[in-house]
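Given next are the chains, with one letter for each unit.
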Amino acid sequence: MIDRRQVTLGLAAAAATAATGPFGLGRASAASPELVAAAEKEGKVVWYTTMIVNQAVRPIADAFMKKYPKIKVEFTRAGSGDTALKIINEHQAGRMMGDVFDGTATFSSVMPAGAVQPYKAAEAAAYPDELKDPDGYWTALNLYFLTAAYNTSLVKPDQVPKNFDDLLDPKWKGQMVWSTVPEPVAAPGFLGNMLQIKGDKAGMEYIDKLAAQKITNMSSSQRTVLDRVIVGDFPLGLMVFNHHVEISKAKGAPIEWLHMEPLVSAASLLGLIKGGPNPNAGKLLIEYMLSEEGQKVLAGTSYLPAHPKVQATIPTLLPTGPKPFKYTLMSPKIVDANLKTWIKLLNEKFA
């Protein structure tokens with residue numbers, strides 16, 4: 001059973017609380033001179049990241065090194081699963097090479113392995129409670145919102161589905177595609193969302209009907225799913241990132257995303273690796289990436305910032321933008337408690 005109290009629908013209230021509360025006041029930087037000096041003495045920080053290198057990692061690393069020229073940023077990019085496996089292997093071997101990690105599912109794997117060092121970043125004070133761990137094990141680096149998208153050349157305006165029940169229309173049988181990677185930001189998260197908003201009994205009834213629609217499973221990324229919709233292989237794609245749709249639209253792709261509420265939301269969680277070789281430089285990089293300055297760099301790469309005072313490049317992508325939308329936040333606690341159940345359900349009903 002999902003703990004409903006852990007689910008938050010709507011970011012506006014939390015963001016407003018953060019903006020008006022004692023931690024809502026902006027600061028240029030929370031890094032103390034002592035931390036900067038210790039980090040500069042280490043001279044390097046190693047970041048294990050799930051973000052796209054040229055789109056986000058290089059701009060963030062370059063901005064950090066411009067601000068702190070005595071500290072070099074080295075990074076390794078992989079998916080959440082591979083990043084977690086790398087950290088766990090290094091931890092078990094007693095030869096930790098990384099200092100900082102991120103990812104939507106990385107934390108849930110490395111935390112039980114004892115490979116996370118708690119660190120209450122000063123910059124995290126500006127974030128709403130739902131976007132940070134009270135003990136400092138993680139803070140949200142950026143946000144993701146997933147929904148359905150359709151090919152505007154294949155789906156006429158009067159045929160566009162408006163809600164989840166519309167997906168059960170017989171005309172969409174065999175016409176939808178989704179990613180089945182075992183993460184909350186793919187098909188398992190869609191099923192979890194249905195169970196949450198409809199309840200267990202009605203949610204299972206809906207899932208049985210959806211399974212009869214014969215959705216095409218892809219074991220690749222959400223980006224690949226979206227590309228298949230864009231080229232016309234499928235008129236509808238489920239669980240695609242709304243910011244990916246906007247990036248493709250800007251390049252002329254015939255694609256649009258749907259405000260099919262509540263959307264599924266997840267955060268990429270940023271944390272400090274236990275036993276890393278450069279702990280102070282790791283803390284400084286975390287402080288920078290969570291700061292307004294660092295979050296503005298991130299926003300400039302078309303990722304969605306988690307800092308409540310930093311706007312996205314395209315404001316409509318956020319629920320606090322000019323076109324607000326409801327969403328279900330897949331918090332680490334919810335994911336840890338339910339992801340295996342959702343994956344099992346996916347395999348049983350949609351294989």
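### Some details on the overall build of the protein chain
Helices and strands together make up the secondary structure of the protein chain, namely 12 helices and 12 strands. Rg of the C-alpha trace for the protein chain: 20 Å, near the compact-globule value of 20 Å for 351 residues, within the 12% margin. By residue count, 54% of the 351 residues in the protein chain fall in the buried class. Of all intrachain contacts in the protein chain linking residues separated by at least 6 positions in sequence, the fraction that spans at least 24 positions is 76%. Total accessible area computed for the protein chain in this model is approximately 15000 Å², and 54% of it derives from carbon and sulfur atoms.

### Some points on the packing of aromatic side chains
Counting across every chain of the model gives 10 aromatic pairs. Residues Y144 and Y303 carry aromatic rings whose centres are separated by 6.4 Å and whose planes lie at 65° to one another, so their mutual orientation is edge-to-face. With a gap of 159 residues between them, Y144 in strand β5 (residues 139-151) and Y303 in the loop between α11 (292-299) and β11 (304-305) connect regions that are remote in the sequence.

### Remarks on the packing of helix α6 (residues 187-198) against helix α12 (residues 332-350)
Close contact between α6 and α12 brings their axes to 9 Å; oriented N to C, the two are set at 100°. Accordingly, the angle class assigned to the pair α6 and α12 is roughly perpendicular. Here α6 contributes A187, P188, G189, L191, G192 and L195 to the contact with α12, which in turn contributes L339, W342, I343, L345, L346 and F350. Classifying every residue of the contact of α6 with α12 gives 10 nonpolar, two polar and no charged.

### Overview of the pattern of salt bridges
Tallied over the entire structure, the rule returns 12 salt bridges. Of the charged contacts in the structure, one is a salt bridge between D233 and R228, with a shortest N-O distance of 2.6 Å. For D233, a relative accessible area of 42% gives the class partly exposed. One connected set of salt bridges, linked through shared partners, spans K44, K72 and E74.

### Examining the pairing of β5
By the criterion of burial, β5 is predominantly enclosed, with 13 of the 13 residues buried. Pairing of β5 with strand β10 (residues 263-273), which is carried by seven bridges, proceeds in the antiparallel orientation. Within β10, the residue paired with N142 across the bridge is S268. Alignment of β5 against strand β8 (residues 236-241), held across four bridges, turns out to be antiparallel. Directly across from T147, in β8, lies its bridge partner V240. In this structure, β5 lies alongside strand β9 (residues 255-257), joined through three bridges in antiparallel fashion. Each residue of the ladder has a partner; that of Y150, found in β9, is E256.

### Quick notes on helix α2 (residues 33-42)
All of the buried residues in α2 are L35, V36 and A39. Down the axis of α2, the smallest arc covering the buried residues is 100°, so these residues share one side. Exposed positions of α2 whose direction lies more than 90 degrees from the buried face are P33, E34 and K41. Where the residues of α2 are buried, they touch α10 (279-290). Where α2 terminates, the next one or two residues include G43, which has phi positive at roughly 80°.

### So, unusual backbone geometry
Looking along the chain, the bond that leaves E261 and enters P262 is cis, with omega of -5°. Within the secondary structure, P262 is located in the loop between β9 and β10. The phi dihedral of K214 falls on the positive side, at around 55°, and the residue is not glycine. K214 sits in the exposed class, given a relative accessible area of 55%. Even without a glycine there, the phi angle at M239 is positive, about 55°. Take M239: its relative accessible area is 3%, and that puts it in the buried class.

### Considerations on the confidence of the model for the protein chain
Scored by pLDDT, the protein chain has a mean of 90; 92% of the residues are at 70 or more. Predicted confidence for residues 1-28 stays below pLDDT 50, and this span has 55 contacts to residues more than four positions away or in other chains.

So, how was this worked out
- Residues numbered from 1 in each chain as written.
- Predicted model: local features only at pLDDT ≥ 70, side-chain atom pairs only at ≥ 80, totals over all residues.
- Heavy atoms only, no water.
- Helix = DSSP H or I, 4+ residues; strand = E, 2+ residues; numbered from the N terminus.
- Rg over C-alpha atoms; globule rule 2.2 N^0.38 Å.
- Buried < 20%, exposed > 50% of the residue type's maximum accessible area, 1.4 Å probe, protein only.
- Contact = heavy atoms within 4.5 Å.
- Areas by Shrake-Rupley, 256 points an atom, 1.4 Å probe, with all protein chains shown as cover.
- Phe/Tyr/Trp six-rings, centres within 6.5 Å; stacked < 30°, edge-to-face > 60°.
- Axes fitted to C-alpha atoms, helices over the stretch in contact; angles between N-to-C directions.
- Parallel < 35°, antiparallel > 145°, perpendicular 65-115°, else oblique.
- Nonpolar A, V, L, I, M, F, W, Y, C, P; charged D, E, K, R; others polar.
- Salt bridge = Lys/Arg side-chain N within 4 Å of Asp/Glu carboxyl O.
- Pairing = 2+ DSSP bridges.
- Arc of directions from axis to C-beta.
- pLDDT = per-residue confidence, 0-100.

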